[in-house]
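# Structure assessment
The residues making up each chain are set out below.
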Amino acid sequence: EICACLVGSEMCIRDRYIRDEAGLFTRSAENTIKDYNDKIYSKTGSHVAILTTADTGGMSLEGYTNSAFDAMGLSEYDMLFSVDTDTQTWYVTTGAYVADYADSRLESIFKDGFAAILDTDADEAAKDLYKDLYSWCKSNLTGAAAPQAEEPGAESAWHDRGGST
């Protein structure tokens, strides 16, 4: 499911796995994220969605991420990586299936990706993040995930930037 939108004077491509509410990424970066997501899905049956925001509307980032996980139609085989540019925090929600495979290497990928997105070129950081996620998913989820469920599955929260839950 892909739709186009106009942000400023730039046309951007959005799909159900990219919600760049903070406007961090160019169209090129969004296409790169989509391409890596397609590769991850073809190898594992999982997607790694990304959400950026500058305003959670008074919700905690955990609550905002969990709500978005459901609204985006993500399943037990998926992950949602959220970045709040206002509070400079991150949060990951994983589907119940993926939670069983989450490890310190995956946490490090998200932590480093978050820092790079905020501190360097967001487009290049997203490319590097998804390249690392693709490698991790290939090594840890290949052949284990069942085909995507039609209905969103249960999710389990993971930790924020500070490592607390």
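The rules behind these values
Residues numbered from 1 in each chain as written. Predicted model: local features only at pLDDT ≥ 70, side-chain atom pairs only at ≥ 80, totals over all residues. Heavy atoms only, no water. Phe/Tyr/Trp six-rings, centres within 6.5 Å; stacked < 30°, edge-to-face > 60°. Buried < 20%, exposed > 50% of the residue type's maximum accessible area, 1.4 Å probe, protein only. Patch = residues over 30% accessible without salt bridge, like charges linked within 9 Å, V, L, I, M, F, W, Y side chains within 5 Å. Areas by Shrake-Rupley, 256 points an atom, 1.4 Å probe, with all protein chains shown as cover. Salt bridge = Lys/Arg side-chain N within 4 Å of Asp/Glu carboxyl O. Lys, Arg positive; Asp, Glu negative; His and termini not counted. Charge placed at Lys NZ, Arg CZ, Asp CG, Glu CD. Helix = DSSP H or I, 4+ residues; strand = E, 2+ residues; numbered from the N terminus. Core = buried A, V, L, I, M, F, W, Y, C linked by side-chain atoms within 4.5 Å. Axes fitted to C-alpha atoms, helices over the stretch in contact; angles between N-to-C directions. Parallel < 35°, antiparallel > 145°, perpendicular 65-115°, else oblique. Contact = heavy atoms within 4.5 Å. Nonpolar A, V, L, I, M, F, W, Y, C, P; charged D, E, K, R; others polar. pLDDT = per-residue confidence, 0-100.

What follows covers the packing of aromatic side chains. On inspection of all chains with the given rule, the structure shows six aromatic pairs. Relative to Tyr-101, the ring of Tyr-97 lies with its centre 5.2 Å away and its plane at 45°, an arrangement referred to as tilted. Tyr-97 sits in the buried class, given a relative accessible area of 14%. By way of ring pairs, the aromatic residues Tyr-77, Tyr-97 and Tyr-101 are connected into one cluster.

There is a patch of like negative charges on the surface, built from Asp-112, Asp-121, Glu-124, Asp-128 and Asp-132. It is helix H5 (residues 122-141) that provides the largest number of residues to the negative patch, a total of three residues. With respect to the secondary-structure elements, Asp-128 resides in helix H5.

Before going further, it helps to spend a moment on the nonpolar core. Core analysis: the largest hydrophobic core is formed by 31 residues, its most contacted members being Phe-81, Phe-110, Tyr-130 and Leu-133. Elements with a contribution of two residues or more to this core: helix H1 (27-44), strand S4 (48-53), strand S5 (79-84), strand S6 (89-95), helix H3 (96-99), helix H4 (104-119) and H5. Ranked by the residues each element gives to this core, the list is headed by H5, at ten residues. Listed in part, the nine residues of the second largest apolar core include Leu-51, Tyr-64, Met-72 and Leu-74.

Summed over the entire model, instances satisfying the criterion amount to two salt bridges. Residues Arg-19 and Glu-21 are paired through a salt bridge, measuring 3.3 Å at the closest nitrogen-oxygen approach. On the basis of relative accessible area, Arg-19 is assigned to the partly exposed category, the value being 29%. For Glu-21, a relative accessible area of 39% puts it in the partly exposed group. The partner of Lys-34 in a salt bridge is Asp-38, with the nearest N and O atoms 2.9 Å apart. With Lys-34 and Asp-38 both in helix H1, this residue pair falls four residues apart, about one helical turn. A relative accessible area of 38% means that Asp-38 is categorised as partly exposed.

Next up on the list: the packing of H1 against H5. Between two packed helices, both the angle of their axes relative to each other and the distance between the axes serve to describe the pair. As a packed pair, H1 and H5 sit with axes 9 Å apart at the nearest point and diverge in direction by 0°. With respect to each other, H1 and H5 are oriented roughly parallel. Along the contact surface, H1 presents Ala-29, Thr-32, Ile-33, Tyr-36, Asn-37, Lys-39, Ile-40, Lys-43 and Thr-44, while H5 presents Asp-123, Ala-126, Lys-127, Tyr-130, Lys-131, Leu-133, Tyr-134, Cys-137, Lys-138 and Leu-141. For the contact of H1 with H5, the class distribution of residues is ten nonpolar, three polar and six charged.

Further remarks concern the confidence of the model for the protein. Averaged over every residue, the pLDDT of the protein is 82; residues scoring 70 or more account for 76%. At the low end of the mean pLDDT range in the protein sits strand S1 (residues 2-7), at 41; at the high end sits S5, at 97. Below a pLDDT of 50 lies the segment residues 1-13, which in the model reaches 27 contacts outside its immediate sequence neighbourhood of four places, other chains included. A low-confidence stretch, residues 146-165 (pLDDT under 50), is modelled with 57 contacts involving residues beyond four sequence positions or located in other chains.

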